[in-house]
Amino acid sequence: MKPLPVIRKYSVIAYAVVLIFVVTGAVFWNSFSILRRFEDTTDTLLLSKAGVAEEVFGILSAEFLDAPDVLQEKVSELAAREPDISAIVVYEREEDGDGFRAVASTDREDIGTIRTELPYLLAWNEDAGSAFLGNEGGTRYWNIVKRIGNDDTRGGLVFFRFSLAENDAFVRDAIVRSYAVTAVTLVFVLILLVHHLRFSRYAVRALDLEDVNRMKDDFISMASHELRSPMTIIRGYADLLGEEPTEEERKEYVGKIATTTERMTELVSDLLDVSRLEQGRLPIDPTDMSLRETLVPLAEDYGKAAKEKGLDFVFEEGDLPTVHADPARVRQILVNLLSNAVKYTAEGSVTVSVATERDRVTITVADTGFGISSEDMGKLFTKFYRVKTDRTAEIQGTGLGLWIAREIARKMGGELGAESIEGVGSHFRLSLKKADS
Ligand code: ADP
């Protein structure tokens, strides 16, 4: 019954994690990949646009290398028309071939300066020219240098600087927007999650209530059945007593009434224990106690009961150490284990043994009885659970004893476990804390 809410809890957490990562991640990744692609595409577009402009301008410039005034006019015109172009410089090759001298420029102060840097020298030898990205004060540029004219005629270079500022500003703005969209998405996802968590908590609570309700129904039907059948028996024998029975019959009827009343008392006290355990009101008072004082008389009593049923009873006493537990509660647990062993064993034996290992003492009650199937083993310590087979059908019980026994054992710092093979027998082990020596 219990693992289900745990699985539910983990699936709710998994759902939350998936929702947060997948939805927000998808929005974020989508915006970024679009932006990246946009940036790459515009960079390339701008580069090719620059290439074309330079090609055309280069042809013109080659013709006017002899007329710097005309060139200067054309440079200024073109720069004014194209806002992306932040600089144009036309260079004439020095006669010694070692550098290039500016003859026209958007910045007139450039005129006369000589360039000997590698991109300029490379551009002279490359038909395609050279292009390189630059960065000045956070603004990116495409710098393009291309040859004009050739070796034979008077030659030179034309330099173009295309600004990527507008593009970059757009991308920056889009990034800020995508952060904002991602943040808003995250907020929505979180709101959605809070709602989802609240609803799943209600759903889990409703399912738990269903479980509780079902258990309560089971309990009421079991309790009324368990109480009604002995009451019917008692009433039947009471009626018989009123019909002037013989002395022998009277004794038999009174005996039946006494044992049935005892069974009812046991059931009522089990029910009381369950309710007190659930409310944490069952008095449990661990102390250093002698296992011998509790176990020996019980072994005698149940030894007799076993023998009456034709079973062997073996008590492997060993040395019985002092344990730290509540004597009345240890007795209650052992009574349950021993009476079950006798009750659910038709032939063979019941064996009680004690073993000490470090700070634990384990009392084992083993029998060669009906045993319990692995399927039933899983529910054995559940309240009201009784194994239903042809052989157990006639045996009276409430299904509360083992649940009570385990709860009490745990409250004393001990443990109660079981191993069983159907048709072979069962071993119930009560482990308790050894008293500090
Ligand atoms: P009750 O004996 O009153 O039904 P318990 O909680 O003591 O309740 O035991 C629960 C069920 O476990 C029993 O109904 C029985 O089917 C099974 N059981 C307990 N002890 C043994 C045992 N020694 N051998 C076989 N079955 C057992």
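Here is a short report on the structure shown in this document. Because the structure is predicted, anything quoted here is derived from the model rather than measured.

1. Concerning the site of the ligand
Move 1: In the vicinity of the ligand, 20 residues are found, and the nearest of them are Asn 340, Tyr 344, Arg 386, Thr 398 and Leu 402.
Move 2: Contact between the ligand and Gly 399: an oxygen atom at 3.2 Å from a main-chain N or O atom of the residue.
Move 3: For the ligand, the protein covers 97% of the area, taking 530 Å² as the surface of the free molecule.
Move 4: For the shell around the ligand, the secondary-structure elements that each account for two or more residues are α7 (327–343), α9 (401–411) and β13 (425–434).
Move 5: At four residues, the largest contribution of residues to the shell around the ligand is made by α7.
Move 6: Here the shell around the ligand is composed, by residue class, of nine nonpolar, eight polar and three charged.

2. Points about unusual backbone geometry
Move 1: For Glu 244, which is not a glycine, the phi torsion comes out positive at approximately 45 degrees.
Move 2: You can see Glu 244 is positioned in the loop between α4 (165–241) and α5 (247–278).
Move 3: The phi torsion at Arg 358 lies on the positive side, around 45 degrees, for a residue other than glycine.
Move 4: With respect to the helices and strands, the residue Arg 358 is situated in the loop between β10 (349–357) and β11 (360–367).
Move 5: For Arg 358, a relative accessible area of 70% translates into the label exposed.

3. Let's talk about the environment of Met 222
Move 1: Secondary-structure assignment places Met 222 in helix α4.
Move 2: Through-space distance from the C-alpha of Met 222 to that of Gly 399 is 9.7 Å; in sequence the pair is 177 residues apart.
Move 3: Not counting residues up to four positions away in its chain, the partners in contact with Met 222 are Phe 384 and Thr 398.

4. Some details on the sheet that holds strand β4 (residues 130–136)
Strand-to-strand pairing in sheets goes through backbone hydrogen bonds, with the strands running parallel or antiparallel.
Move 1: Pairing in this open sheet of six strands is antiparallel, and the strands run β3-β2-β1-β6-β5-β4 from one edge to the other. In the strand order of this sheet, the two ends are held by β3 (114–115) and β4, each with one partner.
Move 2: Where β4 lies against strand β5 (residues 139–148), seven bridges are found, and the strand directions are antiparallel. Paired with Leu 133 across the bridge in β5 is Trp 142.
Move 3: Most of the contacts of helix α2 (residues 68–81) go to strand β2 (residues 100–105), to which it runs at about 60 degrees, and overall it touches β1 (85–93), β2 and β6 (156–163).
Move 4: With respect to the sheet, helix α3 (residues 118–125) is in contact with β1, β2, β3, β4, β5 and β6, its orientation differing from that of β5 by roughly 40 degrees.

5. Quick notes on the packing of aromatic side chains
Move 1: One pass over the full model with this rule turns up 11 aromatic pairs.
Move 2: Ring plane angle 25 degrees and centroid distance 6.1 Å describe the contact between Tyr 120 and Phe 159, whose orientation is recorded as stacked. Here Tyr 120, found in helix α3, pairs with Phe 159, found in strand β6; they are 39 residues apart in sequence, far enough to count as distant. This pair shows no difference in class: Tyr 120 is buried, exactly as Phe 159 is.
Move 3: Here the guanidinium or amino end of Arg 147 rests over the ring plane of Trp 124, the centre of that ring lying 5.6 Å away.
Move 4: Sitting above the plane of the Tyr 141 ring, Arg 161 keeps its charged end 4.7 Å from the centroid.

6. Structural notes on the pattern of salt bridges
Move 1: As enumerated under the stated definition, the model contains 15 salt bridges in all.
Move 2: Between Arg 101 and Glu 94 there is a salt bridge, with the nearest N and O atoms lying 3.3 Å from each other.
Move 3: Classification of Arg 101 as partly exposed rests on a relative accessible area of 31%.
Move 4: A salt bridge links Asp 273 to Arg 276; the shortest N-O distance between them is 3.2 Å. Linking Asp 273 with Arg 276, this pair stays in helix α5, spanning three residues, or about one helical turn.
Move 5: On the accessibility criterion, Asp 273 (6% relative accessible area) is buried.
Move 6: Through salt bridges that share partners, Glu 92, Glu 94 and Arg 101 make up one connected network.

7. So, the side chain of Ser 426
Move 1: Tracing the backbone shows Ser 426 in strand β13.
Move 2: In this structure Ser 426 comes out as buried when scored by relative accessible area, which is 4%.

8. Thoughts on the nonpolar core
Nonpolar side chains in soluble globular proteins tend to be buried together.
Move 1: Core analysis: the largest hydrophobic core is formed by 48 residues, its most contacted members being Leu 291, Ile 363 and Leu 430.
Move 2: Per element, the largest residue contribution to this core is seven residues, and it comes from α7.
Move 3: Residue contacts for Leu 291: discarding those within four places in its chain leaves Val 296, Leu 320, Pro 321, Val 323, Val 330, Val 354, Val 361 and Ile 363.
Move 4: Listed in part, the 19 residues of the second largest apolar core include Phe 57, Ala 79, Ala 104 and Phe 160.

9. Notes on the packing of α5 against α9
Move 1: Between α5 and α9, the least distance of the axes is 10 Å, while the angle of their chain directions is 40 degrees. Considering their axes alone, α5 and α9 lie oblique with respect to each other. By crossing handedness, the relation of α5 to α9 is classed as left-handed. Of α9, the residues touching α5 (which contributes Asp 270, Asp 273, Val 274, Leu 277 and Glu 278) are Gly 401, Trp 403, Ile 404, Glu 407, Ile 408 and Lys 411.
Move 2: Split into classes, the residues belonging to the contact of α5 with α9 amount to five nonpolar, one polar and five charged.

10. Observations regarding the pairing of β6
Move 1: For β6, a buried count of eight out of eight residues is recorded, marking the element as mostly surrounded by other parts of the structure.
Move 2: Burial along β6 is two-sided: the face carrying Gly 156, Val 158, Phe 160 and Phe 162 and the face carrying Leu 157, Phe 159, Arg 161 and Ser 163 are both buried.
Move 3: Where β1 and β6 come together, seven bridges link them in antiparallel fashion. When the bridges of β6 are listed, Ala 87 appears paired with Arg 161.
Move 4: As judged from the eight bridges shared by β5 and β6, these two strands associate in the antiparallel manner. Of the residues in β6, the one forming a bridge with Ile 144 is Phe 160.

Reading guide: rules and limits
- Residues numbered from 1 in each chain as written.
- Predicted model: local features only at pLDDT ≥ 70, side-chain atom pairs only at ≥ 80, totals over all residues.
- Heavy atoms only, no water.
- Near = heavy atom within 4 Å.
- Polar contact = N/O pair within 3.5 Å; in protein donor to acceptor, adjacent residues only side chain to side chain.
- Areas by Shrake-Rupley, 256 points an atom, 1.4 Å probe, with all protein chains shown as cover.
- Helix = DSSP H or I, 4+ residues; strand = E, 2+ residues; numbered from the N terminus.
- Nonpolar A, V, L, I, M, F, W, Y, C, P; charged D, E, K, R; others polar.
- Buried < 20%, exposed > 50% of the residue type's maximum accessible area, 1.4 Å probe, protein only.
- Contact = heavy atoms within 4.5 Å.
- Pairing = 2+ DSSP bridges.
- Axes fitted to C-alpha atoms, helices over the stretch in contact; angles between N-to-C directions.
- Phe/Tyr/Trp six-rings, centres within 6.5 Å; stacked < 30°, edge-to-face > 60°.
- Lys NZ or Arg CZ within 6 Å of the ring centre and 35° of its normal.
- Salt bridge = Lys/Arg side-chain N within 4 Å of Asp/Glu carboxyl O.
- Core = buried A, V, L, I, M, F, W, Y, C linked by side-chain atoms within 4.5 Å.
- Parallel < 35°, antiparallel > 145°, perpendicular 65-115°, else oblique.
- Left-handed = near helix turned anticlockwise from the far one by under 90°.

The analysis is restricted to geometry; functional conclusions fall outside its scope.
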